[in-house]
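Structural description and commentary
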Amino acid sequence: AIGEVIVGQHDVVEGALIGLFAGGHVLLEGVPGVGKTMLVRALASAVNLPFSRVQFTPDLMPTDIIGTHVLVTDDRGGRDFKFRQGPLFTNILLADEINRATPKTQSALLEAMQEARVTVGRETFTLDAPFFVIATQNPLEMEGTYPLPEAQLDRFMFKLNVPFPSTADLHLIVQRTVVVTQHDIAPVLGAQDILSVRDIALTCPIAHHVVDYAIRLVEGTHGSLEPAREYLRTGASPRAVQALIIGAKLAAIFDGRTNAAVDDVRALAIPVLRHRVHLNFDAEADGISTDQVVASLCKEVDRLAA
């Protein structure tokens, strides 16, 4: 259903779907105009879930996202403060250009992303399941932006880079968009279907050697493997292991298999780890990217296991 609107971008679409079914969140990075917002809208339409979009700007306040108490007058003239929910109270939230907002506003998402609930004053509100955040950030025009803190980055299951379309994809994009009538997506799943697939993935068994591979890979980011000792300043958190395992299970289910394999973990290593590890000065000086370091870590784990 998403492919009827989104041209190409198979890895990005699959990563977003894994994040949705796993109960995680996804950070998209790409230049303007590559379809990041359209992808989120198409996803919300395909699964028939409420969708909200927030354009993050430097003057955005936490109450603009969470909501605020307003003074309400009843029929008898009595007045009372009632909580008016913000756009955060939805199933799928698009946080557009999240790095344009101040850290104070970015932090408004932390509790919602981790606990699926929001605390306002002395009241706590539980968000409807599934709750899925897709945040975007533009790698260009970094002036006036606020880099996401490590605590918030760690709450994103994946960081997906959205590439520029190929020539063939650009031709197809023009054929689909520069027309009078736009195509509408018919819903193919509902909220309960998503939660059912999530339960299946959580209860699906996984071999010990597959879990061990994910653990050794994450441990390697803390200096037990040579590429990390040479180029990394800090390693990944235990959330990275959790993301690798649940992601591998869902990748296997998407492929029609009942068991996750080491190849599934290896395929997800870069999107899971690229935003959780931090390069040191030597990496910056040598022009080494986080993707290259993670790929080298996978090769080193494979070599030691052989």
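As a starting point, this report considers the structure included with it. (Residues numbered from 1 in each chain as written. Predicted model: local features only at pLDDT ≥ 70, side-chain atom pairs only at ≥ 80, totals over all residues. Heavy atoms only, no water.)

Within the structure shown, the criterion is met by 4 aromatic pairs. The interplanar angle of 65° and the centroid separation of 5.8 Å between the aromatic rings of Phe83 and Phe89 together place this pair among those described as edge-to-face. The same class applies to Phe83 as to Phe89, namely buried. (Phe/Tyr/Trp six-rings, centres within 6.5 Å; stacked < 30°, edge-to-face > 60°. Buried < 20%, exposed > 50% of the residue type's maximum accessible area, 1.4 Å probe, protein only.)

Among the residues of helix H2 (residues 36–46), Lys36, Leu39, Val40, Ala42, Leu43, Ala44 and Ala46 are the ones counted as buried. Buried-residue contacts for H2 involve helix H1 (10–22), strand S1 (26–29), strand S2 (51–55), strand S5 (92–96) and strand S8 (132–137). Asn48 sits one or two residues past H2 and shows a positive phi near 55°. (Helix = DSSP H or I, 4+ residues; strand = E, 2+ residues; numbered from the N terminus. Contact = heavy atoms within 4.5 Å.)

The sheet built from 5 strands is open, its strands ordered S2-S5-S8-S1-S9 with parallel pairing. Edge positions in the sheet fall to S2 and strand S9 (158–161), since each has one partner strand and no second. On average, adjacent strands in this sheet sit at an angle of 20° to one another, irrespective of strand direction. Both S2 and S5 contribute to a ladder of 5 bridges, which runs parallel. Among the inter-strand pairings, Arg53 is bridged to a residue of S5, identified as Leu94. Against the sheet, H1 contacts S1, S8 and S9, and its axis sits at roughly 165° relative to S9. Its contacts with the sheet place H2 against S1, S2, S5 and S8, and it is angled at close to 175° to S5. (Pairing = 2+ DSSP bridges. Axes fitted to C-alpha atoms, helices over the stretch in contact; angles between N-to-C directions.)

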